[in-house]
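A closer look at the structure
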Amino acid sequence: MFRLYANAIRFGAAVALILIAAAILSPVRTGAAEPDYYARGSVSGAKFLALGLGKSAVIDLPADTKDVLVANPAIANAVVRSARRAYLIGVAVGQTSVIFFDGDGRQIAAYDIEVGRDAAGVRDALRKIMPGTTFNVDPVGDSVVITGVVANAAEAQKIAEAAIRLVGDDKKVVNGLTIKGKEQVLLKVTVAEVQRNIIKQLGIDLSGSNISIGSAVINFNTVNAFSTTNSTPPNSLTPKFNLPFGGSITATLRALEQNGVMRTLAEPNLTAISGESAKFLAGGEFPIPGGQSCDQSNNCQIQITFKQFGVALEFTPVVLSEGRISLKVATEVSELSQDGAIQLSSITIPALKVRRANSTVELPSGGSLALAGLLQEQTKQSINGIPALMNLPILGTLFKSRDYQNGTTELVILVTPYVVNPSPRQDLALPSDGFADASDPQTVFMNQLNRTYGIPGAADSRRSYRGNYGFITD
């Protein structure tokens, strides 16, 4: 009897322990306590989902759903396939939200949907065009945004151009690519020109006065013009001959021979980052009258505009792969000239003599190319005189003038790009380094304008030379 009673007590205690454990392990649902999926599905914690236009996504829900809310069905649509699975479909470009509810009306999941251009096709095509390059293509509305890091500007430009062709509109492609290290390009331009001019003029002007022929008295005067150069030789010889039968003849001999040569050498250098433009000008500006402006009192003032001249350089470099550089170059060398100048009342407006070249070339770093060249020869010759008399042998020289002009121009423009890196300041030299004004005694007695210093490593003045050396004269 006692044994049966003890077993009953043990059984009751075991049942009580089981009930207590079940009560402890089982959750108690109240209005203040919700399962984990309810907290994750709150509106504030809505998940972002990007859908391509006409694309779909499969959603697995954490609990059985009984109702779904689509804020704008024209943007996206939700199809409930089963109690815990739904399909989201992108209908039109835009943004909307989708919220799922259970049978008690409680929210179990929420999604912020953005429907935009499908960037998967653009992304796959770009990665086939540029293998080994890391970048992302993300849709934003009906546009695509390209982000990532590329090796140089050429890769960035190639990716952007390919994306524009795939999308079909350059305004819908946002290029957010960055370059690992932007190279700096130094462009050296050399403009070399030599001009030779030759002018020859010879003419004789006759002037007769009081020449008596019978009962007639004749006076005449012939002036032969120089039409080629439109100028009169400054050198003249005027002998006068008295005729035995009365009167006199004066012969004015005008002669000129002029040889000239002009050498122009300009070497502008300019540095810019790959993909950026840079400009350089060493020269000045001269004024040009641009009309008049008058007020109500009829007080007029001349409007002045300024025109630049000198050595100008503008270029845009792009460092390509394999050490090549694409250059868009515009260089100009101009100077004031009286040839073609305009005289307005008391104002003289000079003309500009310009050598200009614009082009786009591709060169390796350190390679040179003749960007432009010119070889021009111009010859002008004219003979003016009195008809018939100027054609006489020998004596015809007295009745005509000869004007001859010859000009030869040789011009070449060279460009040389370099990929450069910054240098320490102590490794750079300036034209003013080592310059010092001479003292008063040196200037007065020795005609020195600056002091002279020895340069380390300079050639020894006592060095002997072999072969012919010195000046060469023609």
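Coordinates for the structure precede this section.
If you're wondering where the values come from, they're calculated on a predicted model, not measured in any experiment.

Another aspect to go through is unusual backbone geometry. In this structure, A388 takes a positive phi of about 75° despite not being glycine. In this structure, A388 sits in the loop between β21 (369–385) and β22 (400–420). Its identity is not glycine, yet N447 carries a phi of approximately 60°, on the positive side. Mapped onto the secondary structure, N447 falls in the segment after α5 (440–446).

Here we come to the environment of G407. In this fold, G407 is placed in strand β22. Classification of G407 by relative accessible area gives buried; the value is 16%. Taking C-alpha positions, G407 is 8.8 Å from I199, a pair spaced 208 residues apart along the chain. Non-local contacts of G407, meaning those with residues more than four positions away in its chain, are made with R196, N197, Q376, E377 and Q378.

In this section: the nonpolar core. Core analysis: the largest hydrophobic core is formed by 23 residues, its most contacted members being L187, F315 and V329. If you list the elements that add at least two residues to this core, you get β11 (184–213), β16 (269–273), β18 (300–319), β19 (324–344), β20 (347–364) and β22. Not counting chain neighbours up to four residues away, the residues in contact with V329 comprise L187, L313, E314, F315, A357, N358, S359, L371 and V415. Listed in part, the 19 residues of the second largest apolar core include L49, L61, A86 and Y111.

The next point concerns the sheet that holds strand β7 (residues 107–116). Pairing is mixed in the open sheet, where four strands are placed in the order β1-β7-β6-β3. With one partner strand each, in any of the chains shown, β1 (47–52) and β3 (67–70) form the two edges of the open sheet. Put simply, the sheet's adjacent strands are angled 25° from each other on average, direction ignored. Two strands pair when backbone bridges link them, and strand β6 (residues 94–101) and β7 are joined in this way by eight bridges, in the antiparallel orientation. Note on β7: the bridge partner recorded for I99 is A110.

This brings us to the sheet that holds strand β17 (residues 278–294). Where strands meet in a sheet, backbone hydrogen bonds hold them as pairs that are either parallel or antiparallel. Judged by pairing direction, the sheet is antiparallel, and its four strands sit side by side in the order β17-β18-β19-β20 without closing on themselves. The open sheet is flanked by β17 and β20, the only strands paired with a single partner. Strand after strand, the sheet turns through a mean of 20° between neighbouring axes, direction not considered. Bridge count between β19 and β20: 17 bridges; the pairing is antiparallel. Counted as the bridge partner of V333 is R355 from β20.

Conventions and cut-offs
- Residues numbered from 1 in each chain as written.
- Predicted model: local features only at pLDDT ≥ 70, side-chain atom pairs only at ≥ 80, totals over all residues.
- Heavy atoms only, no water.
- Helix = DSSP H or I, 4+ residues; strand = E, 2+ residues; numbered from the N terminus.
- Buried < 20%, exposed > 50% of the residue type's maximum accessible area, 1.4 Å probe, protein only.
- Contact = heavy atoms within 4.5 Å.
- Core = buried A, V, L, I, M, F, W, Y, C linked by side-chain atoms within 4.5 Å.
- Pairing = 2+ DSSP bridges.
- Axes fitted to C-alpha atoms, helices over the stretch in contact; angles between N-to-C directions.

Purely spatial values, then, with no claim about function.
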